[in-house]
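# Overview (structure and organization)
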Amino acid sequence: MVAAGQVRHVLDVDDLSPSELARALDLAETPDPPAVLAGRGAALIFEKPSNRTRNAAEMAVVALGGHPISIRGEEIGLGVRESPQDVARVLACYHAVVGARVDDHRVLEEMAATRAVPVLNLLSDRAHPTQALADLLTLRQHWGGLAGHSLAWVGDGNNVARSLVLAASMAGIEVRLASPPGYRLDPVVLDAARALGGTVVEADRPADAVAGADAVATDVWVSMGQEDHASARIDAFAGYRVDAAMMRGASEGAVFLHCLPAHRGLEVDAEVIDGPSSLVWEQAANRMHALRGLLVWLLGDGGR
Ligand code: CP
Ligand code: NVA
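Residues numbered from 1 in each chain as written. Chains lettered and ligands numbered in written order. Predicted model: local features only at pLDDT ≥ 70, side-chain atom pairs only at ≥ 80, totals over all residues. Heavy atoms only, no water.

## Observations concerning the site of ligand 2
- Surrounding ligand 2, one finds Leu123, Asn158, Asn159, Val160, Asp219, Val220, Ser223, Met224 and Leu260.
- With respect to ligand 2, the side chain of Ser223 contributes an N or O atom lying 2.7 Å from a nitrogen atom.
- At 2.8 Å from an oxygen atom of ligand 2 is found a main-chain nitrogen or oxygen belonging to Met224.
- Burial of ligand 2 by the protein amounts to 94% of the accessible area it has alone, namely 270 Å².
- Comparing atom positions with the cavity grids shows ligand 2 to sit within the largest pocket.
- The class makeup of the residues in the shell around ligand 2 is 5 nonpolar, 3 polar and 1 charged. (Near = heavy atom within 4 Å. Polar contact = N/O pair within 3.5 Å; in protein donor to acceptor, adjacent residues only side chain to side chain. Areas by Shrake-Rupley, 256 points an atom, 1.4 Å probe, with all protein chains shown as cover. 1 Å grid on protein atoms, 1.4 Å probe; cavity = no way out; pocket = protein on both sides within 12 Å on 5 of 7 lines; lining within 4 Å. Sits in = over half its atoms within 2 Å of the grid points. Nonpolar A, V, L, I, M, F, W, Y, C, P; charged D, E, K, R; others polar.)

## A closer look at empty space enclosed by the protein
- Overall, the coordinates contain 2 cavities of 30 Å³ or more when judged by the stated rule.
- Of the voids in this model, the largest cavity is the one considered here, and its volume is about 50 Å³.
- In terms of lining, the largest cavity is formed by Ala42, Ala43, Leu44, Ala57, Val61, Val97, Val98, Gly99, Leu120, Leu291 and Leu295.
- Elements with a contribution of two residues or more to the lining of the largest cavity: β1 (41-46), α2 (52-63), β3 (95-101) and α13 (280-299).
- Looking at the lining of the largest cavity residue by residue, the classes come out as 10 nonpolar, 1 polar and no charged.
- There is about 30 Å³ of room inside the second largest cavity.
- Lining the second largest cavity are Val10, Val13, Leu16, Leu21, Pro129, Thr130, Leu133 and Leu294.
- If you tally residues by element for the lining of the second largest cavity, the top one is helix α6 (residues 129-143), at 3 residues.
- Considered class by class, the residues forming the lining of the second largest cavity number 7 nonpolar, 1 polar and no charged. (Points joined across faces, edges and corners; volume = space filled by probe spheres on them. Helix = DSSP H or I, 4+ residues; strand = E, 2+ residues; numbered from the N terminus.)

## With respect to the environment of Val117
- Inspection of the secondary structure assignment puts Val117 in the loop between α5 (105-113) and β4 (119-121).
- A relative accessible area of 2% places Val117 in the buried class.
- With 25 residues separating them in the primary sequence, Val117 and Ala92 have C-alpha atoms 5.4 Å apart.
- Once residues within four sequence positions are removed from consideration, Val117 is found in contact with Val7, His9, Ala88, Ala92, His95, Ala96, Val97 and Val98. (Buried < 20%, exposed > 50% of the residue type's maximum accessible area, 1.4 Å probe, protein only. Contact = heavy atoms within 4.5 Å.)

## Regarding the site of ligand 1
- Around ligand 1, a shell composed of Ser50, Asn51, Arg52, Thr53, Arg101, His128, Gln131, Cys259, Leu260 and Arg287 is seen.
- Within the side chain of Ser50, a nitrogen or oxygen atom sits 2.6 Å from an oxygen atom of ligand 1.
- Between His128 and ligand 1, the recorded distance is 2.8 Å, taken from a side-chain N or O atom to an oxygen atom.
- Against a free-state accessible area of 260 Å², the protein chains account for coverage of 96% of ligand 1.
- Using a 2 Å cut-off from the grid points, one finds that ligand 1 occupies the largest pocket.
- Looking at the shell around ligand 1 residue by residue, the class counts come to 2 nonpolar, 5 polar and 3 charged.

## Observations regarding helix α4 (residues 84-91)
- Among the residues of α4, those classed as buried are Pro84, Val87, Ala88 and Leu91. Along the axis of α4, the buried positions cluster into a sector of 95 degrees, meaning they face one direction only.
- Where α4 is buried, its residues meet β1, β2 (67-72), α3 (73-76), β3 and α5. (Arc of directions from axis to C-beta.)

## Structural notes on the packing of aromatic side chains
- The tally for this structure, following the rule as stated, stands at 3 aromatic pairs.
- Note on Trp221 and Phe237: the rings are 5.6 Å apart at their centroids and 15 degrees apart in plane angle, and the pair reads as stacked. One end of the pair, Trp221, is in the loop between β8 (215-218) and α10 (230-236); the other, Phe237, is in the loop between α10 and α11 (244-248), with 16 residues separating them in the sequence.
- Exposure remark for Trp221: the relative accessible area of 4% places this residue in the buried category. (Phe/Tyr/Trp six-rings, centres within 6.5 Å; stacked < 30°, edge-to-face > 60°.)

## Observations concerning the side chain of Glu267
- In this fold, Glu267 is placed in the loop between β9 (255-258) and α12 (270-273).
- One buried charge, Glu267, has no salt-bridge partner; the nearest side chain with opposite charge is Arg241, at 7.6 Å.
- Apart from residues lying up to four places away in sequence, Glu267 is in contact with Thr218, Asp219, Val220, Trp221, Tyr240, Arg241, Val242, His258, Pro261 and Ala262. (Lys, Arg positive; Asp, Glu negative; His and termini not counted. Salt bridge = Lys/Arg side-chain N within 4 Å of Asp/Glu carboxyl O.)

## Quick look at the layout of surface pockets
- Of the voids in this model, the largest pocket is the one considered here, and its volume is about 460 Å³.
- As for the largest pocket, its lining consists of 27 residues, and the residues nearest its centre are Leu123, Asn159, Val220, Ser223 and Met224.
- Put simply, the parts of the chain that give the lining of the largest pocket at least two residues each are α2 and α7 (159-170).
- When the residues that make up the lining of the largest pocket are grouped by side-chain class, the tally is 9 nonpolar, 11 polar and 7 charged.

As structure tokens, then:
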């Protein structure tokens, strides 16, 4: 139960209850969303590059009547020129919401702790909740529902995996994971997903995770900020490329998901990502719709 006037934040998907998550998805498909940002600003901080998230967030804010201001991390020097707490307190003077893509998830927690303004994670080293929301929206549109389906994650147990596993578990999707040793999702996340009612299974081989799955998802092997470890990572992920043979092990009509940007020939073959099972462009488009739904929830019924 959220007290009246309490500021809500979305640092990961499990900051919402399963019913709130479903509500945000419904709001993402509302044809005439309320102008919850009319006459208000949205600060969007980016400490790392972005194509989809920045554009989707800016356009979602505009669709809700607001004015987005995108800010490069070095402009404000989060934690360098000014503490994250002070940045949040100041931005709260001008903006109804602060979204931030940060190197270190703790920066989001510090901004959120001020309770000055709702804080929305636009990707951190730990989580990527707005991506997971778009992925659920995409699967819901494709399948017509979510509960009872299964999803295989093949690859790095990273920020995108974490949020997707939690979101899928909240929506009743069974999750199977295949990651090389040393690159698996933190067992704490698996426990959290199970505590949310999820069925989460770790497989020793990608083929075992994918067998009979209704969706197969992956992400880059080298995330932003991990470039110094690229060659060790690429070696470690040999055998984890999603190719047509791997997809043939999934269920009939299985779909392929990737948050993008993608590296054809590394984590996925062109034949898969550019083939008929791929939903990656729907995912990219849904980033904007999901963000719009989430903002309506956060600044409307969820934020009060
Ligand atoms: N999927 C995603 O977050 O893309 P960007 O890094 O381009 O925002
Ligand atoms: N795991 C990737 C996702 C990019 C959208 C990264 O953090 O760079």
